[in-house]
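# Observations on chain architecture
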Amino acid sequence: MLKHFFSLSLTGLIALSMTVPSKAASEFSLKGSLAGLPDSTRVALIDVEDPNGKRQVIAETIITGTDFELKGDLKSPRMCELAFQRYSPKREGYVTILSTRVMPEPAEMTFSTELTFDSLCNSRGVDGLVKVTGSKAHDEFCEYFAQVYPAERKESDASYLSAKKYFETNDNKDTMAVYNARKNEAIAELIAAKRRFIAANPSYNISGYLTQKELEKLFAYTADEIDAMVDLVKVCPDTARVAIVNRRKNHAMRYALNRQCPDFEVTHADGKVEQFSSLINPGKYTFIDFWASWCGPCRSAIPHVRELHNKYAGKLDVYSISVDESEKPWRNAMEKEQMEWAQLRLDGEKQMDEGARAFFITTIPRLILLDDKGQVICSTNRPDEVTACLAKHLGE
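Here is what the cut-offs are and how they apply
- Residues numbered from 1 in each chain as written.
- Predicted model: local features only at pLDDT ≥ 70, side-chain atom pairs only at ≥ 80, totals over all residues.
- Heavy atoms only, no water.
- pLDDT = per-residue confidence, 0-100.
- Contact = heavy atoms within 4.5 Å.
- Salt bridge = Lys/Arg side-chain N within 4 Å of Asp/Glu carboxyl O.
- Pairing = 2+ DSSP bridges.
- Helix = DSSP H or I, 4+ residues; strand = E, 2+ residues; numbered from the N terminus.
- Axes fitted to C-alpha atoms, helices over the stretch in contact; angles between N-to-C directions.
- Core = buried A, V, L, I, M, F, W, Y, C linked by side-chain atoms within 4.5 Å.
- Buried < 20%, exposed > 50% of the residue type's maximum accessible area, 1.4 Å probe, protein only.
- Expected span 1.5 Å × (residues − 1).
- Parallel < 35°, antiparallel > 145°, perpendicular 65-115°, else oblique.
- Nonpolar A, V, L, I, M, F, W, Y, C, P; charged D, E, K, R; others polar.
- Disulfide = S-S within 2.5 Å.

### Digging into the confidence of the model for the chain
Per-chain confidence: the chain averages 91 in pLDDT, with 94% of residues scoring 70 or above. Low pLDDT (under 50) marks residues 1-23, which in the prediction has zero contacts with non-local residues, meaning those over four places away or in another chain.

### As for the pattern of salt bridges
For the structure on display, the rule yields 29 salt bridges. Taken together, the shared-partner salt bridges in this structure form one network comprising D47, E49, R78 and R241.

### Some points on the sheet that holds strand β2 (residues 41-47)
Taken together, four strands build an open sheet; the order of strands is β3-β2-β5-β6 and the sheet is antiparallel. The outermost strands of the open sheet, each flanked by one partner alone, are β3 (56-63) and β6 (93-102). Direction aside, neighbouring strands of the sheet carry axes that sit 25 degrees apart on average. As paired elements, β2 and β3 share seven bridges and run antiparallel to each other. In the sheet register, I46 faces β3, and the bridge partner there is V57.

### Focus on the nonpolar core
Judged by nonpolar contacts, the single largest core of 50 residues is most densely connected at F276, F290 and F359. Secondary structure elements with two or more residues in this core: β11 (285-291), α8 (296-311), β12 (316-322), α9 (327-337), α10 (348-359), β14 (366-370), β15 (376-380) and α11 (383-394). The leading source of residues in this core is β11, at five residues. Those residues in contact with F359 that sit more than four places away from it in its chain are F219, Y255, C261, P262, F264, I288, F290, R366, I368 and V376. Judged by nonpolar contacts, the second largest core, of 26 residues, contains F145, L190, Y209 and L215.

### Considerations on α11
Across its twelve residues, α11 extends 16 Å between first and last C-alpha, which sits within 8% of the 16 Å expected from 1.5 Å per residue. Those residues of α11 not exposed but buried are P383, V386, C389, L390 and A391. Buried residues along α11 sit against β11, α8, β12, β14 and β15. One or two residues past the end of α11 sits G395, with phi positive at roughly 90 degrees.

### Re the sheet that holds β14
The strand order across the open sheet formed by seven strands is β10-β9-β13-β12-β11-β14-β15, and the pairing between neighbours is mixed. Of all strands in the sheet, those bounded by a partner on one side alone are β10 (273-275) and β15. The mean inter-strand angle of the sheet, taken between neighbouring strand axes irrespective of direction, is 30 degrees. In the sheet, β12 pairs with strand β13 (residues 342-345) via four bridges, with the strands oriented parallel.

### Some thoughts on the packing of helix α6 (residues 223-232) against helix α7 (residues 239-254)
Close contact between α6 and α7 brings their axes to 10 Å; oriented N to C, the two are set at 175 degrees. Looking at the two axes, α6 sits roughly antiparallel to α7. Here A223, I226, D227 and V230 of α6 lie close against α7, whose contacting residues are V245, N246, K249, A252 and M253. Residues belonging to the contact of α6 with α7 are distributed by class as follows: six nonpolar, one polar and two charged.

### Observations concerning the state of the cysteines
A full pass over the atoms with the stated rule returns one disulfide. C295 shares a disulfide with C298; S-S distance 2.4 Å. Because the sign of the S-S torsion sets the handedness, a value of about 75 degrees for the bond joining C295 and C298 places this disulfide among the right-handed ones. C298 matches C295 in its accessibility class, with the two residues each being buried. Free cysteine C261: the closest other cysteine sulfur is in C378, separated by 13 Å. Here C261 falls in the buried class, since its relative accessible area comes to 12%. Note on C378: no disulfide assigned, nearest cysteine sulfur contributed by C389 at a separation of 4.9 Å. Taking relative accessible area as the criterion, C378 reaches 8% and is therefore assigned buried.

Quick look at the structure:
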């Protein structure tokens, strides 16, 4: 009997010992020291992986002195931002003064740097000026940073300069053509650099993260390209990461390039309601401009839409679809802008929901181009991208 009891007790202890580490396995700590940190600095580890832009604080502490320690639960490696923040009475909250990317995992990690807080605040490429040890996933990120940062910096500089010139020149067409071309070149170089890294390191956690970020770019890849991207990183040993990539794949497939235009209901200016699919003419390209009377950039894009309507007359059908909640502002704007192409509206909650889901519209203007088979070949908020796409398919 005693032997039997001992056997049962031992079995119970073994079972207990097997369950305890499951909780411990999700715990992490990040200890660090940064000279010159002002008192009352908030140090926060923020998860930045949410595709909707939600930034979840995983751990935080308010420090006095130079040392800090963050603790919490983390089931698997995540791309995070280690943020050093100060309280702003004006904003009634904390404002990030310094941040760096980190990929923590359930482990004991350390943060260090040879520079002071002020020096880091005045530096570029902070990710390469700090050191985080104890995380294999972060070691892999460091390899990525060393190889791809030059392309990241070039793209950042080109994008900043393009935006600066946009405001300085009031969107001068000729000037912006030059700076947008430089920006597009830098973006292409960055994408190519990322793809080379992923191809060389498909099992890395950072490669899976980079892939899921690419899958957030809707109407950017064909279904075959999406499949190939996902298949490449399936070798990642982090099953949680692979699961995230697969979920993003399912969403991206709904908004793949060369997909047949999804159908939705629209209302004409005369009140007639019909499915948009009935307006697509096989053999002709279709340009859809989602806009609103209150949207400044939408109104600014109208001359570009008019130019394309006139230039490709007979080859291109143009439809402006308003998302104005009220009919009167829409009609007033139509009268003022004198848009001579077809004018439609998403009238009511049902049409709004269907139209927004069709192209995952979260901001306007949204410009959609369909080829002569009714397939989506461009989705953007920039008229120049539509112009370039039409020039490619229909000629100058």
